[in-house]
Structure formats: structure tokens, C-alpha cells
Amino acid sequence: MVAIVAVLALVGGLVSGLLMIVGHMPGDSMDTVWETPTDPAAAEHGNGSWPVGDVLVRSRFDAVTGYGARTGKQHWEYVPPGRSEICSTSDPADSVLLLVHGENVTDARSEGCADVTALDLRTGKELWSGSRKASAKATAGGPVNGAVAAGGGLAVVLDTWTDGEGEVVADGRRAIRAVDLRTGGRRWTATVPEDCRPSDVGASERRVVAVLHCGKEDRTELTAAVLDPATGALLHNEPLDARRPVAPSQGQTTLVSVDPLVVSVRPPYDDRAGTGAFFAFGADGRRTSRIESSGEHGKIVVDKPSKVAVDGERLYAVSEFRKSSTSSRAVAVDLATGRLVWQTNPGRGDAVALTVHDGKVTVLQQDRGSFTERLYVLDGATGEERDDRTFSVNVDQEDGWLGGFFDRDGLLIVSRYDTKGPGRPFVVYERW
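The structure reproduced in this document is the subject of the present report. (Residues numbered from 1 in each chain as written. Predicted model: local features only at pLDDT ≥ 70, side-chain atom pairs only at ≥ 80, totals over all residues. Heavy atoms only, no water.)

## Structural notes on the overall build of the protein
Operational definition: Secondary structure elements follow DSSP: runs of H or I of four or more residues count as helices, runs of E of two or more count as strands, with numbering from the N terminus. Any residue under 20% of the maximum accessible area for its type is buried, any over 50% is exposed, and the rest in between are partly exposed; the area is computed with a 1.4 Å probe on protein chains only. Between two residues, a contact is recorded if the distance between any of their heavy atoms is within 4.5 Å. For the accessible areas, the method is Shrake-Rupley and the probe is 1.4 Å, while residue cover comes only from the protein chains on display.
Helix and strand counts for the protein come out as 1 helix and 34 strands. Counting only residues that meet the buried cut, the protein has 52% of its 432 residues in that class. When contacts within the protein are restricted to residue pairs at least 6 apart in sequence, long-range pairs at least 24 apart make up 45% of them. Here the protein displays about 19900 Å² of accessible surface, and carbon together with sulfur accounts for 48% of that area.

## Let's talk about the state of the cysteines
We apply this condition: Our working definition of a disulfide is a cysteine sulfur pair at a distance within 2.5 Å.
In this structure the tally under the stated criterion is 2 disulfides. Between the sulfur atoms of cysteine 196 and its disulfide partner cysteine 214 the distance amounts to 2.0 Å. Disulfide cysteine 196-cysteine 214: torsion about the S-S bond near 115 degrees, hence right-handed. Remark: cysteine 214 occurs in strand S15 (residues 208-214) and cysteine 196 occurs in strand S14 (residues 196-203); sequence separation between them is 18 residues. Residue cysteine 196 shares its accessibility class with cysteine 214, and that shared class is buried. Along the protein, the cysteines engaged in disulfide bonds are linked according to the scheme 1-2, 3-4 when indexed in sequence order.

## Notes on the sheet that holds strand S4 (residues 63-68)
Threshold: A pair of strands is labelled paired if DSSP reports no fewer than 2 bridges between them. Structural elements are reduced to axes, namely lines fitted to C-alpha atoms, with helices fitted over the stretch in contact, and the angle between N-to-C directions of any two is expressed from 0 to 180 degrees.
Taken together, the 4 strands give an open sheet; going across it, the order is S2-S3-S4-S5, and neighbouring strands pair in antiparallel fashion. One side of each edge strand has no neighbouring strand; the edge strands of this open sheet are strand S2 (48-52) and strand S5 (74-78). Across the sheet, the axes of successive neighbouring strands diverge by a mean angle of 15 degrees, strand direction being ignored.

## Topic: the pairing of strand S17 (residues 234-239)
The pairing of strand S16 (residues 221-227) with S17 spans 5 bridges and is antiparallel. Residue alanine 224 lies in a different strand from S17, and its bridge partner there is glutamate 238. Connecting the antiparallel pair S16 and S17 is a turn made up of 6 residues, with glycine 232 showing a positive phi of about 85 degrees.

## Thoughts on the nonpolar core
Applied cut-off: Throughout, nonpolar core names a set of buried Ala, Val, Leu, Ile, Met, Phe, Trp, Tyr and Cys residues whose side chains join them through atoms within 4.5 Å.
Counting 19 residues, the largest nonpolar core has Val156, Ile176, Trp188, Val201, Val208 and Leu212 as the members making the most contacts within it. Looking at this core, the elements that each hand over two or more residues are strand S11 (154-158), strand S12 (176-180), S14, S15 and S16. By residue number, the principal contributor to this core is S15, which donates 4 residues. Apart from residues lying up to four places away in sequence, tryptophan 188 is in contact with Leu154, Ile176, Arg177, Ala178, Val208, Leu227, Asp228, Pro229, Ala230, Thr231 and Gly232. In terms of nonpolar packing, the next biggest core, distinct from the first, is built from 17 residues, Trp128, Ala147, Ala155 and Leu181 among them.

## Some points on unusual backbone geometry
It is generally the case that most residues other than glycine have a negative phi and that most peptide bonds are trans. A cis amide bond, omega 5 degrees, links aspartate 259 with the succeeding residue proline 260. The topology assignment puts proline 260 in the loop between strand S18 (252-257) and strand S19 (261-266). For serine 306, which is not glycine, the phi torsion reads 60 degrees and is therefore positive. Locating serine 306 in the fold gives a position in the loop between strand S23 (298-300) and strand S24 (308-311).

## Quick notes on the sheet that holds strand S10 (residues 148-151)
Here 4 strands make up an open sheet; going across it, the order is S10-S11-S12-S13 and the pairing antiparallel. Two strands lie at the open edges of the sheet, namely S10 and strand S13 (186-189), each paired on one side alone. Adjacent strand axes in the sheet meet at a mean angle of 20 degrees, parallel and antiparallel pairs treated alike. The pairing of S11 with S12 spans 5 bridges and is antiparallel. Residue pairing across strands places valine 157 opposite arginine 177, the latter belonging to S12.

See the structure below:
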């Protein structure tokens, strides 16, 4: 009898060990719920993905598609009219997505990227459509991020246009206008300070923000402006850094977060020596900190999706550290001081992506030896581990580039697109 028990214990241990290795241990695993078929190669512009209620929304240059979050069933598809391509999008707000689209969008002297459409993400139906064109002499240029923003019941549209040489043709001082998010009805047109023109806009319930280029000729610097969402009146306009002015030529700007306001400036793609920085602002519109991309927190990865997130008082990021070799981990940095709050254990493996929701940070980690992947859920304030799971299949390398990463309602949602080959729009996992 003792021998039988010993054999059963040995078999049970072997089975448990095997289940752990392949990611099928109950209470420790992530299983695939559903996945979409692969797509053809995507263009560089118009790509994005978001969970909106019970619908997962994917945008790419040729269409926007909505899938049931629990079933994977395609609910709807919106294709822009004619030969239009989607240049860029807002983040959704109140189940509405703003699209910038047009024809011949990569031709700098074309009239592409001139149209704005508001899309109801519950039905996939068009709510309204209008034009960004602000001058008969202006041309669209290529796709531009930050040209539209949704939030607080507003659609904020950036009407700054340039000629073929990049010079502003339209009235840059009155280039920011707001319309009703659901009807397109006019709300207001803002006036920015003299010698300033906007390059990015964002919106939330409490504020509308814009990154401005202010100054003349070679003395231009970047500032962050806060506008009254009710009237468009300018409330604050602060330099990104008053002591060390940041010139537009120093890199590409991104509004990482509107509330709290965080602006990222990363070096041009051809400047491999540059490091970039994040600029954080308080509720009063005043700058609180400058967080260098490289510092005690390592080197923050800023040029790919799902590597940086802001929630409340902290910036969360995938950051690279180099000693004998390069490794990556998740870090949290305080927005008020720029100090490192916590970092994950580098012995676990390399952080691939992260997302923040309800005060928790979900991190996708890849083991350096076996290349298997695990999921860690951490307390956003302390970095303390709350959950730890193993995937039964490879998440990031199997079907193209990881473009979105979300943890919602017990489901882990991974989206992909690939500019060189097929990508799988969504794969959804559940804890098992």
C-alpha cells in the first residue's frame, strides 16, 4: 500500500511538473480564449487597438473593425470612403473614435489626411464627418499623430497645415478648434499666443492640452498649453523646461497622458546618441519634473507600443539595463520628483510589455533561457507581486509585432500588426 502511494505521488509530481512547464497548471496558467485570423501586412500609419466596453476595436490604414471581447465574433467593420486611407486616430472617448483620413496620404504635396470622421464604436456607424482643411493654399503632408483628440464630450481638431517646404500656411494661432464629439456641432476655436503654433492636441474631462512651438526662426522652443474645455481660453502655457529650452528639432513629441499632463520628447530616428525625456506637469499647469529617458531607472523604451503608461502619480515603463548584457524590466517613476519608486526583479527575465488598470500593473515577461512567457500583476504603488501566471503558447514572437496589451475584466488582450508580414489582430487569454 505504501509503495502504491509512493508511485502515485511520484506520478502526480511528474504530471504537475509537466503541467507547470507547458503552462497548464490550474491556478498558474493563461489559456487562449479566442484569436482572430492573421491580416496582410499593414502600413505604418493608422494603427491602433483598444478595449471599449464589450468590444475590442482594431484600426489600421484600410479599416476599423470591432470584435466581441468574449467571443471574438466580428461585430462590424468600417472602411473609409473611396480610396481613402486612415492616417491617424484619437484614443476613444465615450465610445467614439476620431479618424483622420484621405487619399495619397504619403504624398507631401497631396490633399491627403484632410478629412475627420467620428465613429460610434458600439455600432461601427459614422456619426459625422468634416474637413481639417484650413487654407486653400495648404497641403496635408504625410500622416501626423496628435491631429485629433476626443475627451470631455469634445472632438478637438488641429488645423495647422504646411506647404511642401514645411512652412505653416494656415493661421497657426487659431488652429485648434473643438466640436461636439457626437454631433460635430461647433463649440469653440482657441487662440494661442503670438509666435506659437500647435503640433499635438489632447483632451479629457477636465482639460484640453496642446504642445506648442513658440518663438521665431532658430529660437523656437516647445511649450505645453492648457485650455479651458468649456471656452477654449488659454489657462497656462509653460515651457517644457524653463532652464534648458527644448527645441522642436531635438525630437518627436508625444502626449503620453493628458491628465496628469506628461509630454515625451524622443530623439529623431537618425540620432542614435540622443536619449530624450519626459516632462510632467501638475494640476495647476506648472511643470513638476523632467524625467530623462536614461537614468537610475535604466533606459526607458519609448519607440514601441505598450512600453510606457501613466496612472495617477507615476510613470510606468519597460526599461533596459546593461551590465554584461542588456536586460529589461518594469519600473515605476514618481512624476513629481522624477525618482525611481520601484523596479521588478531582473532575475525573472526580460519585460516585454506592460499595462496599467485599477491601480495594478500587468507585466508580460520573457524568460531569457527558455523564451517562455509569464504574466506578473503588481501593485502599482509598491511593485509588490499580486499574481504570477505561465502562458501555454508564445505570446509575442509567433504572429508578428505586439501592438497593444490590455488587462480587462479577467481577460488579457494582445493585439498585433506587422508592416512586413501577417499579424494577428487580437489574441485573448484568460486565467486558468
